[in-house]
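# Analysis of the macromolecular model
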Amino acid sequence: MNMKIVGFIPARMGSSRFPGKPLADILGKAMIEHVYYRSKLSDKLDDLYIATPDKEIEDYCLSRDIKVVMTSPVHERATDRTAEATQKIENKTNEKIDIVILIQGDEPLLYPEMINLALKPLINDSNILTSNLMSPLKSIEEQEDPNEVKVVVDKDNFALYFSREPIPSRKKGAKNFVTMKQVCIMPWRRDFLFKYTSLKQTPLEIIESVDTLRCIENGFKVKMVPCDFNTYSVDTINDLNKVREMMKKDSLFLKYSNIR
């Protein structure tokens, strides 16, 4: 079945943890530029946009021929920004989107295969409303890091809970348990995204600051897809410096490094 699949990369300059992060330089390109060009390498996307409330980001995108859509500055959640951007693009193109993919702008080492992997459940099963990638946490430091969103799943890989704290507890025999983190590539069925954003924020969503808990608290399932790509999200200056070094050895970078 033909489906229109469009990706959106929400980005704003006012991040509380790292102001100006979307335009942070990584080997001559802004972080969101890396995310954009690496995402574009997916053969599943019909289109791709940066979604932002900031003129500074819009100007940068336009100077690099990157598609951008301006959104309201009031949004607290990336999902709300993505929903507004979706509606604007539908109004502009007069075409309805079937699957919307929210791609976090702080994963500059993502691989296009990750997008394809996250999409697979929605393409194969019409009952799946939304999905996320998950990958193993590689150290105690990652388990303790509140910037890493942890997830536990049921036997069918549907999310049971997301937390910024270590889950499950390591106190009783969990030392050999493979603990997982959320990797923020999130496909949504278009109609479900708008239903989701019409719902009020939920208590656990607010406490953990994790959008997808709103789904679970309202009784909707989130399919988690195992992923073993070696990526690294940027939440601090130290993360940025680490990614700069990793990017120097990244073979995918060569495919878009000369684009200006």
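Above this note sits the structure.
Report follows, based on the coordinates. (Residues numbered from 1 in each chain as written. Predicted model: local features only at pLDDT ≥ 70, side-chain atom pairs only at ≥ 80, totals over all residues. Heavy atoms only, no water.)

## Details of the packing of aromatic side chains
Going through the model one piece at a time under the given rule, you end up with 8 aromatic pairs. Consider the rings of Trp-188 and Tyr-196, whose centres lie 4.8 Å apart with planes at 50°: the pair is tilted. Pair check on accessibility: Trp-188 and Tyr-196 agree, each one buried. Between the aromatic rings of Phe-253 and Tyr-256, the centroid separation amounts to 5.3 Å while the plane-to-plane angle is 70°, which identifies the pairing as edge-to-face. For Phe-253, a relative accessible area of 11% translates into the label buried. (Phe/Tyr/Trp six-rings, centres within 6.5 Å; stacked < 30°, edge-to-face > 60°. Buried < 20%, exposed > 50% of the residue type's maximum accessible area, 1.4 Å probe, protein only.)

## Some remarks on helix α6 (residues 190–198)
Among all positions of α6, only Arg-190, Phe-192, Leu-193 and Tyr-196 are buried. Within α6, the buried residues cover an arc of 160° as seen down the axis, which keeps them to one side. On the buried face of α6, the contacting elements are α3 (78–93), β6 (99–103), β11 (185–189), α7 (203–208) and α8 (213–217). (Helix = DSSP H or I, 4+ residues; strand = E, 2+ residues; numbered from the N terminus. Arc of directions from axis to C-beta. Contact = heavy atoms within 4.5 Å.)

## Thoughts on the sheet that holds strand β7 (residues 131–136)
Each strand in a sheet pairs with another by means of backbone hydrogen bonds, the pair being arranged parallel or else antiparallel. Taken in spatial order, the 5 strands line up as β9-β8-β10-β7-β12 in an open sheet, and their pairing is mixed. Only two strands of the sheet have a single neighbouring strand rather than two, namely β9 (159–163) and β12 (223–226). In this sheet, neighbouring strand axes are inclined to one another by 40° on average, regardless of whether the strands run parallel or antiparallel. The sheet contact formed by strand β8 (residues 150–153) and β9 spans 4 bridges and is antiparallel. Among the inter-strand pairings, Val-151 is bridged to a residue of β9, identified as Phe-162. Helix α4 (residues 112–124) contacts β7, β10 (180–183) and β12 of the sheet and is inclined by roughly 130° relative to β7. (Pairing = 2+ DSSP bridges. Axes fitted to C-alpha atoms, helices over the stretch in contact; angles between N-to-C directions.)

## Comments concerning the nonpolar core
Within the largest apolar cluster, 45 residues are counted, with the highest numbers of intra-cluster contacts made by Ile-50, Ile-101, Ile-103 and Leu-133. Elements represented by at least two residues in this core include exactly β1 (5–10), α1 (31–40), β4 (47–52), α2 (55–63), β6, α4 and α9 (237–248). Not counting residues up to four positions away in its chain, the partners in contact with Ile-101 are Ile-5, Val-6, Gly-7, Phe-8, Leu-45, Ile-115, Leu-119, Ile-185, Met-186 and Pro-187. Membership of the second largest hydrophobic core comes to 29 residues, among which are Leu-102, Cys-184, Val-210 and Leu-213. (Core = buried A, V, L, I, M, F, W, Y, C linked by side-chain atoms within 4.5 Å.)

## Let's talk about the pairing of β7
The buried count for β7 comes to 5 of 6 residues, which makes it a mostly enclosed element. Bridge analysis of β7 against β12 gives 4 bridges, and the strand direction is parallel. Bridged to Met-134 within β12 is Pro-226. Across 4 bridges, the pairing between β7 and β10 is antiparallel. The residue bridging Pro-136 from the neighbouring strand is Met-180, located in β10.

These results come straight from atomic positions and should not be treated as a statement about function.
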